[in-house]
Structures are given as C-alpha cells and as structure tokens.
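# Tertiary structure, described
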Amino acid sequence: MLQIRDLIWGLLFVGCAAAIQVQIIPTQGEISVGESKFFLCEVVGDAKDIDWYAPSGEKILPNMPDISVNRADETMSTLTIYHASVDTAGIYKCVAKSGDKEAQATVQVKIFQKITFASAPSPQEFNEGDDADIVCNVVSSPPPTIIWKHKGSKIQVAKDVRYKIMDNGHLQIRGIKKIDEGMYNCEARVMARGEIDFKMIKVVVNVLPTIRARLSEVNATADIGSSALLACDADGFPEPTVTWAHNNIVLETGDKYSLNEDGSELVIKDVKKVDEGDYTCIAKNKAGEKAEEVSLNVFVQPKITYLNNQTASEFDEQVTLTCEALGDPTPTISWSFENRVFTEGEQSLDRNIVVRSHARVSSLTLKNIVFTYAGQYLCTASNSIGQDNQHIYLEVRYAPKIQGRVTVYTWEGNAANISCEVEAHPGASVVWFRDGLQLPSANTTNMKIYNTQTVSYLEITPDSQNDFGSYNCTATNAMGTDSKEFLLIQAEVPSSPEIQQVEPFSSTAVVAFEEPDSMGGVPIIKYKVEWRLPGQDWTGSEHDANDEMTTITIVGLKPETTYEVKMSAINGKGEGESSPASTFKTEPVQYSFTISSEIPTTIAATTMAIKGEPSAPILEVKVQDRGNTLKVNWIKQDDGGSPIKHYLVRYKAKHVSDWKPEIRLPHYSEYVTLNGLDWNTEYEVHVVAENQQGKSEPAIISFRTATDPTTIPDAMDGGSGLGTGAIVGILIVVFFLLLLGVDVTCYFLNKCGLLMCIAVNFCGKAGPGAKSKDIEEGKAAFTKDESKEPIVEVRTEEEHTPNQGGGGPTEPNETTPLTEPEPAAADTTSTVVNLLPCTATNSVAESFSTAQSSPASESTTLTTSASSPTKAAPANSSPKNSPAAQSSSLNANTQPDVGPLVDLSDTPKVPNPTPLVSEPVSTPSTNADGPQSQRDAVKAPDSTQNKDSQVDGPTKDAPNILCTGSTTPAQNDGKTVKDDNTKGQTEVKNATDEVKTVPNEAPQTNGNESKA
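Residue positions are counted from 1 within each chain, in the order its sequence is given. Where totals are concerned, whole chains, interfaces and linings use all residues; where local detail is concerned, this predicted model gives features only for residues with pLDDT of at least 70, and gives and counts side-chain atom pairs only at 80 or more. Side-chain numbers here rest on the full set of heavy atoms in the structure, without hydrogens or water.

Before going further, it helps to examine the overall build of the chain. Helical segments are the DSSP runs of H or I of at least four residues, strand segments are the runs of E of at least two, and each set is numbered from the N terminus. What the chain contains, in helices and strands, is 7 helices and 65 strands. Working definition: with a 1.4 Å probe on protein chains only, accessible area under 20% of the residue-type maximum means buried, over 50% means exposed, and in between means partly exposed. Expressed as a percentage of its 1012 residues, the buried residues of the chain come to 40%. In the chain, the proportion of contacts linking residues at least 24 apart, taken out of those at least 6 apart, comes to 64%. Just so you have it, the chain exposes about 55,000 Å², and 51% of that area is on carbon and sulfur atoms. Whether two residues touch is decided by their heavy atoms; if any such pair falls within 4.5 Å, the residues are in contact. The Shrake-Rupley method, run with a 1.4 Å probe sphere, supplies the accessible areas, and residue values consider only the shown protein chains as cover.

Next up on the list: the pairing of strand β44 (residues 498–504). Pairing between strands requires that DSSP locate at least two bridges from one strand to the other. In terms of strand pairing, β44 meets strand β45 (residues 509–514) through 6 bridges, oriented antiparallel. Its bridge partner lying in β45, E498 is registered against E514. Linking β44 back to β45 in an antiparallel pair, the connection comprises 4 residues.

The pairing of strand β37 (residues 416–425) with strand β41 (residues 455–460) spans 6 bridges and is classified as antiparallel. In the strand pairing of β41, S419 is matched with Y457. Taken together, the 5 bridges between strand β40 (residues 447–451) and β41 define a ladder with antiparallel strand orientation. By the bridge assignment, N451 is partnered in β41 with S456.

Time to look at the environment of I635. With respect to the helices, strands and loops of the structure, I635 is situated in strand β54 (residues 630–635). Put simply, I635 and Y671 are 36 residues apart on the chain and 8.9 Å apart in space, counted from C-alpha to C-alpha.

This brings us to the environment of Y409. In this fold, Y409 is placed in strand β36 (residues 407–410). A relative accessible area of 35% means that Y409 is categorised as partly exposed. Along the sequence, Y409 and V522 sit 113 residues apart, while their C-alpha atoms lie 6.6 Å from each other.

Moving on, we come to the sheet that holds strand β16 (residues 171–173). Read from one edge to the other, the open sheet built from 3 strands follows the order β11-β16-β15, with strand pairing classed as antiparallel. Only two strands of the sheet have a single partner each, and these edge strands are β11 (132–134) and β15 (163–165). Shown here is a sheet whose adjacent strand axes are inclined to one another by a mean of 20 degrees, direction ignored. Where β11 lies against β16, 3 bridges are found, and the strand directions are antiparallel. Axis lines are fitted to C-alpha atoms, over the contacting stretch for helices. Their N-to-C directions set the angle, which ranges from 0 to 180 degrees.

This brings us to the packing of aromatic side chains. Given two aromatic rings, one states the distance between the centres and the angle between the planes to describe the pair. A pair of Phe, Tyr and Trp rings is counted when the ring centres sit within 6.5 Å of each other, with Trp represented by its six-membered ring. The angle between the planes then sorts it: under 30 degrees is stacked, over 60 is edge-to-face, the rest tilted. In the structure shown here, the tally under the stated rule is 10 aromatic pairs. Measuring from ring centre to ring centre gives 4.3 Å for F337 and Y377, while their planes differ by 15 degrees; the resulting arrangement is stacked. Of this pair, F337 sits in strand β29 (residues 332–337) while Y377 sits in strand β34 (residues 375–382), and the two are 40 residues apart along the sequence. By relative accessible area, which is 1% here, Y377 ends up buried. Both rings, one in W432 and one in F486, keep their centres 5.8 Å apart while their planes meet at 45 degrees; by these two values the pair is tilted. With a gap of 54 residues between them, W432 in strand β38 (residues 429–434) and F486 in strand β43 (residues 480–490) connect regions that are remote in the sequence. F486 matches W432 in its accessibility class, with the two residues each being buried. Taken together, the ring pairs in this structure connect Y651, Y683 and F703 into an aromatic cluster.

In this section: the sheet that holds strand β48 (residues 551–554). Spatially, 3 strands are ordered β44-β45-β48 in an open sheet, and the strand pairing comes out antiparallel. Every other strand in the sheet has two partners, leaving β44 and β48 as the edge strands with one partner each. Strand after strand, the sheet turns through a mean of 20 degrees between neighbouring axes, direction not considered.

To continue, consider the side chain of S140. Positionally, S140 belongs in the loop between β12 (137–139) and β13 (145–150). At 2.7 Å, the side chain of S140 and the backbone oxygen of P142 are in polar contact. Once residues within four sequence positions are removed from consideration, S140 is found in contact with Q113, K114, I115 and V190. Polar contacts here mean pairs of N or O atoms no more than 3.5 Å apart (in protein, one a potential hydrogen donor and the other a potential acceptor; neighbouring residues in sequence count only if both atoms are side-chain atoms).

What follows deals with the nonpolar core. Grouped together as the largest cluster of nonpolar side chains are 25 residues, with contacts concentrated most on V22, F39, W52, I60, L79 and Y92. Secondary structure elements with two or more residues in this core: β1 (21–25), β3 (37–44), β4 (49–53), β5 (67–73), β6 (76–81), β7 (90–98) and β8 (101–112). Sort the elements by how many residues they give to this core and β8 lands first, with 5 residues. Setting aside residues up to four positions removed in sequence, I60 forms contacts with W52, Y53, A54, I67, V69, L79 and Y92. Definition of nonpolar core: a set of buried residues of the types Ala, Val, Leu, Ile, Met, Phe, Trp, Tyr and Cys, connected through side-chain atoms within 4.5 Å. By size, the runner-up hydrophobic cluster in this structure holds 23 residues, among which are I304, A325, I353 and A381.

Right, let's talk about the side chain of T221 for a bit. Position of T221 among the secondary structure elements: in strand β19 (residues 217–222). Given the relative accessible area of 15%, T221 is considered buried. For T221, the contacting residues outside a window of four places in its chain are S226, V271, F299, Q301 and I385.

Note on definitions: salt bridges are taken to be side-chain nitrogens of Lys or Arg within 4 Å of carboxyl oxygens of Asp or Glu. A complete count under the given rule lists 25 salt bridges for this structure. The salt bridge involving D270 is made with K272; its shortest N-O contact spans 3.7 Å. Classification of K272 by relative accessible area gives partly exposed; the value is 32%. Its salt-bridge partner being K566, residue E530 comes within 3.9 Å of it at the nearest N-O pair. Here E530, found in strand β46 (residues 524–532), pairs with K566, found in strand β49 (residues 562–571); they are 36 residues apart in sequence, far enough to count as distant. The burial state of E530 is the same as that of K566; both residues are buried. Among the ionic contacts, a cluster of salt bridges with common partners joins K528, E530, K566 and E575.

We now examine a negative patch on the surface. Only residues whose relative accessible area exceeds 30% and that take part in no salt bridge are eligible for patches, with like-charged residues grouped when within 9 Å of each other and nonpolar side chains (Val, Leu, Ile, Met, Phe, Trp, Tyr) grouped when within 5 Å. Asp and Glu are treated as the negative residues and Lys and Arg as the positive ones, with His and the ends of the chain left uncounted. Throughout, a charge is located at the NZ atom of Lys, the CZ atom of Arg, the CG atom of Asp or the CD atom of Glu. Taken together, the side chains of E498, E514, E515, D517, D547, E548 and E620 present a region of like negative charge at the surface. Its location among the elements puts D547 in the loop between β47 (539–544) and β48. For D547, a relative accessible area of 84% puts it in the exposed group.

A cluster of basic residues, K645, R650, R664 and K695, forms a positive patch at the surface. Here R664 is to be found in strand β56 (residues 663–666).

In what follows, a disulfide is any cysteine sulfur pair within 2.5 Å. This model, assessed by the stated rule, comprises 5 disulfides. The residue that forms a disulfide with C323 is C379, at a sulfur-sulfur distance of 1.9 Å. Across the disulfide from C323 to C379, rotation about the S-S bond amounts to roughly -80 degrees, and the bridge is consequently left-handed. Taken as a pair, C323 in strand β28 (residues 318–328) and C379 in strand β34 lie far apart in primary sequence, 56 residues in all. For C323, a relative accessible area of 0% corresponds to the buried category.

Next comes the structure, spelled out in structure tokens:
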C-alpha cells in the first residue's frame, strides 16, 4: 500500500513540472456565409490564462457581437463565430499561459458562399400566348451552373426552340400554352464542392375568358309579378368573375335584380314592359375580359279594360254587349254563355245572335229577347301569353214561369211537400188555392206553406181521403201572372219482388231477385226475406235497400236440408205482398271418415266426424272517398262444419308478381280496407277462410283504382323508405332466424327438430329407443323429406297384473310388450317409441286395432299436427293367444299399477341385434287362426337379442305409418287409415290405456287429451 501511494505522488509531481500543450478542435474550418461555428481549445497542463486572438492580432474579448469566447473550465476555452461573413476569414490563435510558461495553437477559417436562391418566386403567372420569363436568381461562390427540368425531365433547349436559358439563368418559353403549366425545377450546382440545390417553381398560365349565353333571347310576361332569368356561362383561367350591365349601368343585387354566387345568372324581378331590351354579360379574369349580349322580350298578358252590363225586357227587339281588352300581342276576344261558345259572325240559324270584332273591341248582339237569354256572359281575351276572363250580366225582365213535379205521392198521416218552382224577374209572389179557396184557410190545420226565393212549398199531412186531389199554385209579378195545378195522390205498398235464383251452400244461400214492378209511388226502403222448413213457421230478416242491391244472403241454415224462401218489399206505406215461395236444398258439408274395428270382430263400428274446409266467401268491392282506397266486403259461406278461425287476405297489382304481405283478420271480420293503392292500377284480391280443418279455396276479385285526380309533386319522390323487395327480404331473414332459434331450443330442451335429425344421421348419435328396422326406416323417411314437423313421442304405459292362476308366468295384457318377460323381473317397464318427424305436410289421422281373444280391444286414432303437440291414443301390441289371456282380461278394467315411463334411447346396446321384419297381417275377420296366427306372422328375434328393445305388431308399425305421409288407406292388421288433410283432434274409442304425444322432456296438455 505504501508503494502505490508513493507512485501516485511521484506521477503528480512529474506532470506539474512538464510543459503546457495546446490543441484546437477542429484543426481547420470552412464556414458558409451566414452560418455559425465554434472551435474548442484544449490545454494539457496547468494554465492560468487561455486567450484567443483574431487574424488581425487583436485579443478577442468575451461577449463580442459576432465572435464570442467562453472558458468552460481551467483546461478548455471555446471560440464561437456567429453569422460568418467574408471578413471573418483568417487564422485564429489560442494561447495558454502559466507563469512564465506559454503554449499556442492556430486554426485557419475559410468563408465561402453557399448556393442561395436570391429570387425564385412561386407561383409565377403568365397569359396564354405571351413569352414567359421564369425567374430563378442563384448566388454562390464560385457561381453555380443552372439546369431546368419539367415533369421530371431536363429541358433540352436544342430540341425545342420555344425554350431558352438566359445568361442570368432564367428560363424563357416563347408563346406559352396552357399545357406548359405545371412545376418547374430550377437546379443549381457548384462542381468544386459537389454542392447541389434546387427550387420548385409553379408556373400558372392564365387563359382569356370565353363566354356564351344560354339563350340569346328570353321572353317574359309583364305585370303578373313573374321573374325573368338571364344566364351566361363563362370559362377561363383563373375562373372569371361575371357581371351584368343594362344601358351601360352595372347591375347589382337589390330589390329589382338578384345575382347568384358566380354572377352567371341574373334574375329580373316583377318584370315590366320597361325592362325590355339588351343585357350585357361581362366575364373578366387576369388574362382579360369578354362580353356577350342577351335580349329580353317582354310581353303583356291580355287584360279586359271595358265591358258593360245590360238590361232588357222579354220580347225586346235586341240588346248589345261590348267587351274591350289590351295586351301584347294583341288579344283575340270570344264570347260564351253557359256551355255555348260564340265566334265571329252569326251564331244561329234564326240569326238572333251576332258577334262583331274590331281591333281590341268585340260586341255580342242578341235579337228578339227571350227570358232564357238572361244570365252571365263570359268575355274571354286571349293571346299567346295568356288570357283574361270577365263576366257581363244581361238582365231580362219577364213574367213568372212555374215548374216542378206535378204528381206527389203520400199516405194518410204522412206529411208531403208539393214544390212550386217559380222563375220570374223581378221576383214573384206565390199563392196556393184548393177548390178556389186560398190556402191555408181557417178550416185547414194540416197544411203549411214555406217560401224561398225561387220555390214555394205546400206541406200537407193528409187526415183523410178528402185531402188528396188537385192544388193550384199561382205566381204574380210586375210582368205578368202564371198558375199550375199539382196532384196529391194516395201511395200504395209495393208489389212483390221476383226471385230469380237461389244459390245454396251448406249453411247459407244467396237469393238473387229483381225489384218490384210497382214501387207504390214512394221509394222502397227495405227488403224482407223469409225462409222455413216445409210445414214449419217462417223465419225472416230485413235488409236496407239500395240502388245496386240484387242479392241477399241467408245464413244459419242446416246442411243438406230443404227450405222454402219468399221475399217482400217495404216502402213508407208498408210491406207489400210476398213473392211465391221458392224451394231449395242446402249442400252437404265435407266429411272425413275414421273407421275402427271393435271386439267381437264380426261387428264393425263406423264413426263419422263432420270435418271439412270452409267454402270461399263471396266478395264485393266498394270505392271509398279517395279513389285509391277500397273496401273489400265478404259474406261468409259454408264453414265446413267447424267454426271459422280467421280470414287471410292478400292482394297485388296484376302487372307485378310479388304479393303484398298477407293480412290475417279475426273470424268475425266482414271487410278489409286497402289504403294507399296505386292510381289507375288493376289489382287482384284473394280472401281465404280457414277453420280447424284447413283453408278454403281463395275467393278472387279484381278491380281498377281511379285515375289520380291531382298531380303529385316531384318532392314526394324524395321520400325514403325501403322498397317492397327489401321489406320482404327482411321479413324472410327474420322468419328464418326465428325458425333457427326454435329449432335450437327444441334440440337442447326436447331433443327434437332439424338439428337433432342432423346429429342422428350425420354425427352417428344413436336415436332414441332400440335400433329397430321401423325406426331406421323412419329416419330414412325424415332424411329424404325436409319437413319441419315436430318429433312425436308415443309412450304406452303398462300395468303388471298377476296371473289369477297364481304360479304361472306373467300374463300379457293390452299394454304388455310382445316380448318374453325377464325371469326375475317383478314389473314390466313401459315401452317408449320415438316417432321421427312425419314427412306429410298435412295432419294424418290413423286408426288401427288388433283382434284379440280377450273380450276387450281398442281402436286408436293418432293425429300429428305441425301446430302444437297433442295427445294421441295408444298403439297396442297384439298379445299372445293363451288360456291365461282370457282369464286375465277380467282384471283389464281395474285400476292399474302404471309402471314408470322408460326412454329406450338410454337402453344399453346389445351386440349383433337381429332387426324385426314386419310381414303383412290379415284382418281379424279373415284370419282363421285368430291372434295366434297373427302373432306368428311376425318373425321372432334371435334369442340373444335384448328383449326390452323389441317392439312387435302394430306398436312397432305405428311410427312408420305416421311418417309415411301417404294418403292411401293402409290395410294392415285390421286397420283402415285415411288422410283427410285436417288438423282435428284425435278420437279414441274403447281404449284401456293412455297414449300421450309429448316432447322428449315432459308431456304437454293442450286441453284435447282423450282417455279410454
């Protein structure tokens, strides 16, 4: 340790005794004019002073303007040169002193001029056709070489005489064009230093404006508050500004004129005749200006300035009406009266009407005046601009003239009005007379008189036959008198209508008739129709009459029944005689049959259910207030034996293929209103009635909407909204999403649906129950058909009944599977058959039964419906024929101990199962060997097969029958099956077991469960 310390002190002593060394970094420097740079003076040794000296020999002091010295520490000093100039160049010296010791170092600073663009403005603008001088002034030392580039390529002056590089480096383009416009690159190079710099200069070529008027002449109409539009379009670069002048006065936006943003359109407001003349459109930009004239022609709409009303007396010789009008062009004048137009010259064969016109004046002369000449005459002045109408009144004084209906019908106690219509000028006074006595008299209390300006009403309420007869109306004014006789006649009841045809249905009938020959003098207000069964009392209904009524519908009739019908008409007086009775017979309803066999086999019971689709309703169309809104009414017809659930309405325009969305209406509906239809378009409407059995044929009616009475503004076309195709597409997507959601729910909750079938068929998942041949066939049927019917599971609940013999084997009953029981089994588990989705799109009702030796058998009808899970009757196996079977049947009707329901989908698999083969089985009535022969008709499985997985007889065949979708009756084991395409509930006859149609998870009850 001592040696190391001595060594360190020795080195320090030697260093202090050594000489001072100075070094400048960098050793030399080149500075561009205007740039700044610093130099570092490093001293090795202990220096007391470190000073810098300028090239002139003067000491550089700290904080000088352009040169600064800064000593950072005892061994370092910095010289900084700011904004170097040519005068800054030279040799700078750094001197370090320590006592009598001194050291120094020098550095040479060189100043040069860097490439500098003194003047290269951008953009530079030139007028098209001028000689352009593109300025690019560059300063450097030594002077640079200038190169010009355009669009990335060097400008070859030798190849294009239009280009020339001037001595000062400028680029000259002779006769510059618009295509010469763009970016030019002025590039400067100093070869000595390898220095290069460039400047991008934008060259803009301005183009002299061109101008064109949209219309060289514009026509306008004066004195109607309209405006005139004068327009001109100007092109050029830059975009020219447009101004307008009239009579050398520049027009500006104000009360009289308005200009758009670019000035190309001039609107002259409230055009007058004085606005006519030439207007100048001026376009101006940097390149210059151009002008174009537009002429405004102002026309004056016709205006009637003079007319005179006239007064004349009937039978005067003549009267003249005069009309005068102004306008530009000069208008023509015409006359009209009511629906008649008068032209120049004589207007009638008798020469009583003459028209004469001259310049702007026209006269209408009427000769031999009659009272029908009185009224408003229309004077019309028209030219190519428009027209003006004014009415002239001709007053004709004439004696009263009485009009009105001569005969009036009423009855005793009913008030009636006799109208005396009087035409007279001046107005006339009206008096009523009866048998020369003025009315009302002191002895008449049932008569009243009401007067208006042109009509006098005599109201009479007859008390007896004496009030009927003749009444006189007399009218008088200053010109004369007129009178007229009116008759008050006793009204009668109407005659009977004539029944033309009766069109019967199962529960309704349509009666077509003709109105009575005699109305009795007053309108018919109602029609009465009555019907009955022959020999019974009449039942009737009244219907309000209208002009278009020709048919009446009778409802509430019984099918296939004979009725009598008659009609009568009712007016204010009362009901008329009835027409002769017409006989008709209602139609039968539609039927579907379910045939079942019962024990004993020699007796067959047939049950008939009244089931069928309804008949199509009768339609009629009524146009509403708006021509594109229609009301479609219908009359219910035969309901097919089941109540109508609802009506389905759809419609479309005939020229398109897409139907509007279907409308579903409740069963009590009698009409539907279709709004927003297209104008003048033919539509087709279908109305379908639906009951529990199905849908009727569509009732079809076609109609055409009215022509659009008004013009629809274009603004309405801007309305948004999805098109019909888009709406239908959205509805279809929503429907499939809902369908997918339901299917997924069924898959996870009930182990059914399309996903379940895909899992079974493609993923190898074992289906519920044993792998019997019938279930495999059901899967194949489902795979072949893409029906979306629900999976139906039929569970047969069994009971275990001990043998009365005591020690014998267990006796099979109606619910016992046709398999050998397990020796050690105390109870027999129920057999569960999972029915695959049916391929039929309509409901299938199947009824089958099995002949047995026991005194009880059962008839079962299974119905599958796509709408909801329903209860189904059991499908039973035929028990073996044995003596014990008859004895055990005594306990068949006792309360059974129902075993648990077992889903065979969880049954353990048995190696090498032997599928059962179904053979055709004859009906009980033809099978000589009875149930035993029937049992033998089915092949027995291998002894090694799991007995719990066997399903024999009709129980095994039931899934296949339900899923075949066949409409042909199948005869097997005494079954008769008929597909009636209905969705009715299943009937169960004499059944001892309960069969439920349920989802895989739990049974559901819809209120229609049938039990034996």
